[in-house]
Amino acid sequence: MEIERALVAFAHPDDAEFLCGGTVALWAKRGVEVTYVCATDGSAGWNAPGLTRDQIADRREEEMREVADLLGVREVRFLGFADGTLEPSLDLRRSLTREVRRARPDVLVTFDPSELWSGRSYINHPDHRAVGEAILAVVACDAPTRPQFPELVDEGFEPFKIRRVWLASDEGEHVVDVGGSIDLKIQALLAHRSQMENMGEFDVDARVRQWAGRLADGTPHEYAERFRAFEIEV
Ligand SMILES: [Zn+2]
């Protein structure tokens, strides 16, 4: 099945670029309609004193829209949950189901909720795990089930069966060669300027190349993104 529409669901405005920015850039270039669904308002993404949550959220939304334009993402939907409070609740599942039924994607990309950490230098954010877990519930079986969230049918969102789910994971067996888009991925990450300021000395360019290079180990590619790719049959 050819991919014509893709939906990427994540927690914070810079997540998608880290997870799959190279893949998104390649898809957009090929004419795939990519929709972003950002579950939180990103309002905890600034650690220096002096800014309110609303001010942080405004800044991050602006950055997200700029990055979406840069990558060729068609639309960004913000669900508006408070950053740092996400749970795989029915509220979150309902909101994600609405967006899935609206976008009707050929592939849905999100976090792998089973990843508590990566190596010994990164512990996964609970908001990331919450989105991943909620999406699995949306796939099986909120989105395709008519009696689930009947209010969404009343809003005009008919049930939709998702056939392909890609969970971004260092352990994923599905490899995407992002050699042709790694520069754009890095450019997109750097455009999340608030997050770059937050990260201080962290050299995004070098670290992203190192990470993508490691994911390409054992393949003919220089840089890769990896996914656990599901083809849902029933
Ligand atoms: Zn995040």
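What you see as residue numbers is a count from 1 along each chain, following the sequence as written. In view of the model being predicted, local features appear only for residues whose pLDDT reaches at least 70, and side-chain atom pairs are presented and counted only at 80 or more, with totals across whole chains, interfaces and linings using the full set of residues. Values reported for side chains reflect all heavy atoms of the structure, with hydrogen atoms and water molecules removed beforehand.

## A closer look at the overall build of the chain
Inference 1: Put simply, DSSP marks the helices as runs of H or I at least four residues long and the strands as runs of E at least two long, and each gets a number from the N terminus on. Check the secondary structure of the chain and you find eight helices and nine strands.
Inference 2: Residue contacts are counted whenever heavy atoms from the two residues lie within 4.5 Å of one another. Counting contacts in the chain only where the partners sit at least 6 residues apart, residues at least 24 apart contribute 78% of the total.
Inference 3: In the chain, 28 side chains carry a positive charge and 43 a negative one; their mean positions are 4 Å apart. Only four residue types enter the tally: Lys and Arg on the positive side, Asp and Glu on the negative side, with His and both chain ends excluded. A single reference atom marks each charge: NZ on Lys, CZ on Arg, CG on Asp, CD on Glu.

## Concerning the nonpolar core
Inference 1: Counting 62 residues, the largest nonpolar core has V8, W27, V34, Y36, L96 and I162 as the members making the most contacts within it.
Inference 2: Apart from the residues within four sequence positions on either side, W27 is in contact with I3, A6, V32, V34, V107, V109 and W166. We define a nonpolar core as any set of buried Ala, Val, Leu, Ile, Met, Phe, Trp, Tyr and Cys residues linked to one another through side-chain atoms lying within 4.5 Å. Whether a residue is buried, partly exposed or exposed follows from its accessible area with a 1.4 Å probe, protein chains only, as a fraction of its type maximum: under 20%, in between, or over 50%, in that order.

## Thoughts on the sheet that holds strand β9 (residues 224-231)
Inference 1: When DSSP locates at least two bridges between a pair of strands, those strands are taken to pair. Read from one edge of the open sheet, seven strands run β3-β2-β1-β4-β7-β9-β8, paired in mixed fashion. In the strand order of this sheet, the two ends are held by β3 (75-81) and β8 (174-177), each with one partner. The sheet shows a mean angle of 25° between the axes of neighbouring strands, direction not considered.
Inference 2: Axes here refer to lines fitted to C-alpha atoms; in helices the fit is confined to the stretch in contact. Angles between the N-to-C directions go from 0 to 180 degrees. The strands touched by helix α2 (residues 53-71) are β1 (5-10), β2 (33-40) and β3; relative to β3, the strand with the most contacts, the crossing angle is about 155°.

## Digging into empty space enclosed by the protein
Inference 1: Each cavity reported here is a set of points on a 1 Å grid over the protein atoms alone in which a 1.4 Å probe fits but cannot get out, each pocket an open set with protein on both sides within 12 Å along at least five of seven lines, and each lining residue one with an atom within 4 Å of a point. Grid points are joined across faces, edges and corners, and a volume is the space filled by probe spheres set on the points. Per the stated rule, a full pass over the model turns up one cavity of 30 Å³ or more.
Inference 2: Reported here for the largest cavity is a volume of approximately 30 Å³.
Inference 3: Around the largest cavity, the lining residues are G45, W46, L51, I56, R59, R60 and S194.
Inference 4: Each residue is assigned to one of three groups, with Ala, Val, Leu, Ile, Met, Phe, Trp, Tyr, Cys and Pro labelled nonpolar, Asp, Glu, Lys and Arg labelled charged, and all others, Gly among them, labelled polar. Residue composition of the lining of the largest cavity, by class: three nonpolar, two polar and two charged.

## Re the coordination of the zinc ion
Inference 1: Note on donors: an N, O or S atom is included if it sits within 2.8 Å of the metal, or within 3.2 Å for Na, K and Ca, and water is never included, so sites can look incomplete. Distances from the zinc ion to its protein donors, namely H12 (ND1), D15 (OD) and H128 (NE2), fall within the range 2.0 to 2.1 Å.
Inference 2: In the primary structure, the donors to the zinc ion are separated according to the pattern H-x2-D-x112-H. Separated by 116 residues along the polypeptide, H12 in the loop between β1 and α1 (15-29) and H128 in helix α4 (residues 126-142) bring together distant segments of the chain. H128 shares its class with H12; the two are buried.

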